[in-house]
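What follows is each chain in one-letter form.
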Amino acid sequence: MLLQHLINGLSIGSIYALIAMGYNMVYGILELLNFAHGDVYAVGCFAALGLLTMGVHPALAIMAGIIVGFVINLFVEKLAYRPVRYSGRVTPTITAVGIAYIMRNAILKIWGPETFAFDIGVRGSNLQFGGIIIGTLQIYILLIAVSCMIGITLYLKKTKTGQGIIAISQSIPTAALMGVPVNRTISIVYGIGGALGVIGGILFCIYYDSIFIGIGFALGTIKAWMASIIGGVGSLKGAVMGAIMLGLMESMVSGYVSTLYKDAIVWLLLIAFVLIKPQGLFPAQVAEKI
Amino acid sequence: MTELVKTEDLSKHFGGVKALEAVEMTIRESEILGVIGPNGAGKSTLFNVITGFYQPTRGKVFYNGVEVTGHRVDSVVDKGLARTFQNIRLFDQMTVLNNVLVGMHLQIHPGIMETLFRDPGKGQKEIEARDKCMSLLKYFGLEKDATLVSGNLPYGKKRKLEIARALASDPKILLLDEPSAGMNPNETAELMQLIDGINRKGYTVVVIEHNMKLIMGISHRIVVLNFGKKIAEGDPAAIQADASVIEAYLGKEED
Amino acid sequence: MMNLAANRKMITIAAILAACALPLVITDEYALRVLNVFFIYSVVALSINLIVGFCGQLDMGRAAFMGLGAYWSAILAVRLHFPFFVAFLTAGIFAGLVGAILGFLCRKSSFDYLTLITIGFNVVCQVVFLNWIPVTNGAMGIPKVPVPEFFGFAFDTNLRFYYLALGFLVVCYVLIERITKSKLGRAFEAIRDDSIAASYSGINIQNFKVLNFAIGSVFTGLAGSLLVHYTQYASPFNYTLDESVYQLQMAILGGLGSLPGSLLGTLILVVAPEISRSFYEYRLVFVGFMMVIMMIYWPNGLLGKAGVGERLIGIMRFRKKEPEEAGR
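The following paragraphs examine the structure supplied in this document. None of the values given here were measured: they were computed from a predicted structure.

1. A few points about the overall build of chain A
Of the regular secondary structure elements, chain A holds 11 helices and four strands. In terms of overall size, chain A behaves like a compact globule, its C-alpha atoms giving a radius of gyration of 19 Å where 290 residues would be expected to give roughly 19 Å. For chain A, the spread of C-alpha atoms along the three principal axes comes to 60 × 50 × 35 Å. Counting the 290 residues in chain A, one finds 54% classified as buried.

Structure (structure tokens):
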């Protein structure tokens, strides 16, 4: 039983990891507490759903969804975040809350609060080892999550834009002086963040065979935060580790303690965690300067 | 002269970088102490460690013979230290007067009754504090700006306001971190007079500076840092003649 | 200076008198009800302003504290038959204590963690309200909460309650204003503007943040309690995250850091959904757009610095000055 919970936790954790990665990328670079992350990628997922129901090939529909997530974040960044980029902490956070509400209500207006089936025709079969069931789907999810992580890490380390992103995360003025196109690079960061979110969101929908409004905020943004609290806000490695730990924690709590209070217990554990490690497991290394 | 502050083997490392290494120094009562050194010599770090903003990696800080290593900033401030910052740090959205009143934080004790059951600003303690702040502002020539929002002040006035705020806590020691940064020669000359005046009022002043004319002109004693270590200490004339200081600033002559 | 302060006092007293006389004009029960709700929510918005606007702690879970006050009061009054004022006052103390504890746990955390944890706390509270059936009665909520009663006098009509709610608002407003203009309020603002410089002014940042959170929570809890005694029903669905965000927008719309602004923001956001059914339907979209637009063009709100209020005053002053200068 324990092993089964571990495996379930691991696969749900890797979905959280994808969502949290997109979230933490934006955070690590701009320190924006991106409330809108989940709701933006939810729009991408619903767009994919819309195309699927119109009979578009699943692969195309998913690609389109990812592009939608990318493009929406480009626009949102330009219209809503760029003007308040240098206005302290409270202001951009509130702007992001505003965007979250706009996106969520747009989905509600178009699709409503119902749960829809999300069927891309991939049927996972179950492999059995002793008493443990591992879905092939779970393995795919894990593989996709890991390859996305590796891809992003390589992108940041090996490409010119990636290095530009890292430079901006250290200091925007210095990066600008060094010739990094600040606005364009930041747009790309948001775009990638949105696209990664959509990938995670769609995996989520595939995992549960369904899609509803909650995949944005309740299951997206909030889980990304939880993962970041555990792992350390602003650290990519932390986000991934935190997300996997969160998946394991949830699966353990619902397996051994209570399904009803799962969310409350997980939050309480997190609040307790903050008490012990106020900066997370892998705090972003920033020396406070005065 | 009494030693107000004394450090023993004070070191601060950031990862592998030794920002401060085994610094032993004293701040003596009612002197003007200059702290100089090339960029990255650890001058600001020294202030930050002495005031408790950074925990030292090694070593101790004593204030009037009492160890204050590891105390929080506000409790070190309570002992009688106040400072200004290299990059001005004012409370930008508050008025000039309120900035100085915040500086008096530790002196005002209005109590719950006065806070909740008197008209705002009408309590006895508030009125006294306000009067004191206004006279401080007057001393710095800022009394006409008292009701302005501090973020809108011109640069030079911001610098003065920061010093006024620091003095409002009535410290024994005033630490000034590059007070002349961004000032023209006239303003710098005015600043020198101001620092001298503050010192004559009985405050001990410690100044970090790059402006040699200023530091040599007003300091009674100078401490020189380089790569986190104290390389020289003495009166201005001695420092100007010190070979290791010249080497730190100009580099070693090749044979 | 004196003149301005005296003027302000006159205006305040005039406004209170006008508010007292308002029921002579507005006799419609429905309108009175809306005003009563407005008075209570104003206190919530003021408490949010104290925490977010004055101390820069972005609390996104205020509804949880309203809920704590409401449930505490409802349980005490309905189950344990305590008189109203005991339930009401202890609700404030209870919410304040919880606020102090939560603030204490977050005292070392950064800005972001505080925001996340207040959201988490809101979720926790909601789950508990909904599922702790023996105490909270679950989804059914707690009905038949008694109306406020002082020594046999029951505030059982909308008109009677009007004066209670108005009195509540005036007292809370005056107290909060005095706090913001005292040493305490200056310390909060100093922490908001520059916490490092604040600690170098001798302010114990952690303690003052906890204090700020606790004081704000007392007021939120009191408002939650009063509202539940007015609607006579505690429902777990009234204290959601959406509710918190809506309340936050009340403080933002009028202007963070401006107390009259909180009243204006609350007035707009309480009255508008009542006037227009379609506004009610789209209120969260509206709030979303308002948040973005306000932050970009009017970050200090309608009555904050450089807001509509200040511009109006500026125009009036300008007009007044003209003849004077012409006469010179």
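2. Concerning the sheet that holds strand β11 (residues 229-234) of chain B
Residues and elements named next belong to chain B. Reading across from one edge, β7-β8-β9-β4-β10-β11 is the order of the six strands in this open sheet, with mixed pairing throughout. A strand with exactly one partner marks an edge of an open sheet, and here the two such strands are β7 (81-83) and β11. Strand-to-strand twist in this sheet, taken as the mean axis angle between neighbours without regard to direction, amounts to 20°. When strand β4 (residues 32-36) meets strand β9 (residues 204-208), the two strands line up parallel, connected through four bridges. Paired with Val35 across the two strands is Ile208, which belongs to β9. Across the sheet, helix α2 (residues 73-80) is in contact with β7 and β8 (173-177); its angle to β7 comes to roughly 110°.

3. Here we look at the interface of chain C and chain A
With 36 residues of chain C at the interface, the matching set in chain A holds 42 residues. Between chain C and chain A, the buried area comes to about 3600 Å², and carbon and sulfur atoms account for 80% of it. At the junction of chain C and chain A, the tally comes to one salt bridge. A salt bridge links Arg104 of chain A to Asp242 of chain C; the nearest nitrogen and oxygen atoms lie 3.6 Å apart. Contributing elements (two or more residues each) for the side of chain C that touches chain A: α5 (111-131), α9 (195-200), α11 (241-254) and α14 (283-297) of chain C. Element by element, the count of residues in the side of chain C that touches chain A is highest for α5 of chain C, at 12 residues. The residue makeup of the side of chain C that touches chain A, split by class, is 27 nonpolar, six polar and three charged.

4. Some thoughts on the pattern of salt bridges
Scanning the model with the defined rule gives 24 salt bridges over all chains in all. Residue Arg104 of chain A pairs with Asp39 of chain A through a salt bridge whose shortest N-O separation is 3.1 Å. In this pair, Arg104 of chain A is assigned in helix α4 (residues 90-111) and Asp39 of chain A in helix α2 (residues 37-53), connecting sequence segments 65 residues apart. The exposure classification of Arg104 of chain A matches that of Asp39 of chain A, with both residues buried. Where Arg192 of chain C meets Glu189 of chain C, a salt bridge forms, and the shortest distance between an N and an O atom there is 2.9 Å. Of the two residues, Arg192 of chain C and Glu189 of chain C both sit in helix α8 (residues 183-193), three residues apart, roughly one turn of that helix. You can call Glu189 of chain C buried: its relative accessible area is 14%. Three or more residues are tied together by salt bridges with common partners; here these are Glu31, Arg221, Lys230 and Glu233 of chain B.

5. Focus: a nonpolar patch on the surface
Residues and elements named next belong to chain A. Taken together, the side chains of Met1, Leu2, Leu3, Leu6, Tyr256 and Val257 define a hydrophobic patch exposed on the protein surface, amounting to about 630 Å² of accessible area. Looking at the nonpolar patch, the elements that each hand over two or more residues are α1 (2-30) and α10 (236-257). For the nonpolar patch, the element with the highest residue contribution is α1, accounting for three residues. Structurally, the position occupied by Leu6 is in helix α1.

6. Section: the packing of α8 of chain C against helix α10 (residues 205-231) of chain C
Residues and elements named next belong to chain C. The interhelical angle for the contact between α8 and α10, taken along N-to-C directions, is 115°, at an axis separation of 10 Å. Taken together, the axis directions place α8 and α10 in an arrangement best described as roughly perpendicular. At the point where α8 passes α10, the crossing takes the left-handed sense. Note on element contacts: α10 touches α8 through Ile205, Phe208, Lys209, Leu211, Asn212 and Ile215, opposite Leu184, Ala187, Phe188 and Ile191. Residue composition of the contact of α8 with α10, by class: eight nonpolar, one polar and one charged.

7. Details of the environment of Ile206 of chain A
All names here are of chain A. By the element assignment, Ile206 lies in helix α8 (residues 182-208). With 88 residues separating them in the primary sequence, Ile206 and Phe118 have C-alpha atoms 6.4 Å apart. Setting aside chain neighbours within four positions, we find Ile206 in contact with Phe118, Ile120 and Leu137.

8. Let's talk about the environment of Gly255 of chain C
Residues and elements named next belong to chain C. Along the chain, Gly255 falls in the loop between α11 and α12 (259-275). In this structure Gly255 comes out as buried when scored by relative accessible area, which is 0%. In this structure the C-alpha to C-alpha distance between Gly255 and Leu302, which are 47 residues apart in sequence, comes to 5.6 Å.

9. Description of unusual backbone geometry
All names here are of chain B. Of note, Ala22 is a non-glycine position whose phi angle comes to about 50°, a positive value. Tracing the backbone shows Ala22 in strand β2 (residues 17-23). Judged by relative accessible area, Ala22 falls into the partly exposed class, the value being 35%. One non-glycine residue, Asp170, lies in the positive phi region at around 50°. Within the secondary structure, Asp170 is located in the loop between α6 (155-168) and β8. With relative accessibility at 45%, the residue Asp170 sits in the partly exposed group.

10. Digging into the nonpolar core
By size, the foremost hydrophobic cluster in this structure holds 233 residues, and its most contacted members are Phe35, Tyr81, Ile99, Phe118 and Trp225 of chain A together with Leu46 and Ile173 of chain B. The element that contributes the greatest number of residues to this core is helix α2 (residues 29-53) of chain C, accounting for 15 residues. Residue assignment places this core across two domains, with domain 1 (3-89 + 171-250) and domain 2 (91-152) of chain B each supplying three or more. In this structure, Trp225 of chain A is in contact with Tyr23, Leu33, Phe35 and Phe217 of chain A together with Leu116 and Ile119 of chain C, ignoring residues within four places of it in sequence. Ile36, Cys133, Leu161 and Ala164 of chain B belong to the second-largest nonpolar core, a separate cluster that totals 43 residues.

11. Focus on the pairing of β2 of chain B
All names here are of chain B. Summarising the sheet, strand β1 (residues 3-14) and β2 pair through four bridges and their orientation is antiparallel. Looking across to β2, one finds that Phe14 is bridged to Val17. With antiparallel pairing between neighbouring strands as the criterion, β1 and β2 make up a hairpin whose turn holds two residues, including Gly15 at a positive phi of roughly 60°.

About the thresholds
- Residues numbered from 1 in each chain as written.
- Chains lettered and ligands numbered in written order.
- Predicted model: local features only at pLDDT ≥ 70, side-chain atom pairs only at ≥ 80, totals over all residues.
- Heavy atoms only, no water.
- Helix = DSSP H or I, 4+ residues; strand = E, 2+ residues; numbered from the N terminus.
- Rg over C-alpha atoms; globule rule 2.2 N^0.38 Å.
- Buried < 20%, exposed > 50% of the residue type's maximum accessible area, 1.4 Å probe, protein only.
- Pairing = 2+ DSSP bridges.
- Axes fitted to C-alpha atoms, helices over the stretch in contact; angles between N-to-C directions.
- Contact = heavy atoms within 4.5 Å.
- Buried area = accessible area lost by both parts, 1.4 Å probe.
- Salt bridge = Lys/Arg side-chain N within 4 Å of Asp/Glu carboxyl O.
- Nonpolar A, V, L, I, M, F, W, Y, C, P; charged D, E, K, R; others polar.
- Patch = residues over 30% accessible without salt bridge, like charges linked within 9 Å, V, L, I, M, F, W, Y side chains within 5 Å.
- Areas by Shrake-Rupley, 256 points an atom, 1.4 Å probe, with all protein chains shown as cover.
- Parallel < 35°, antiparallel > 145°, perpendicular 65-115°, else oblique.
- Left-handed = near helix turned anticlockwise from the far one by under 90°.
- Core = buried A, V, L, I, M, F, W, Y, C linked by side-chain atoms within 4.5 Å.
- Domains from an automatic or database assignment.

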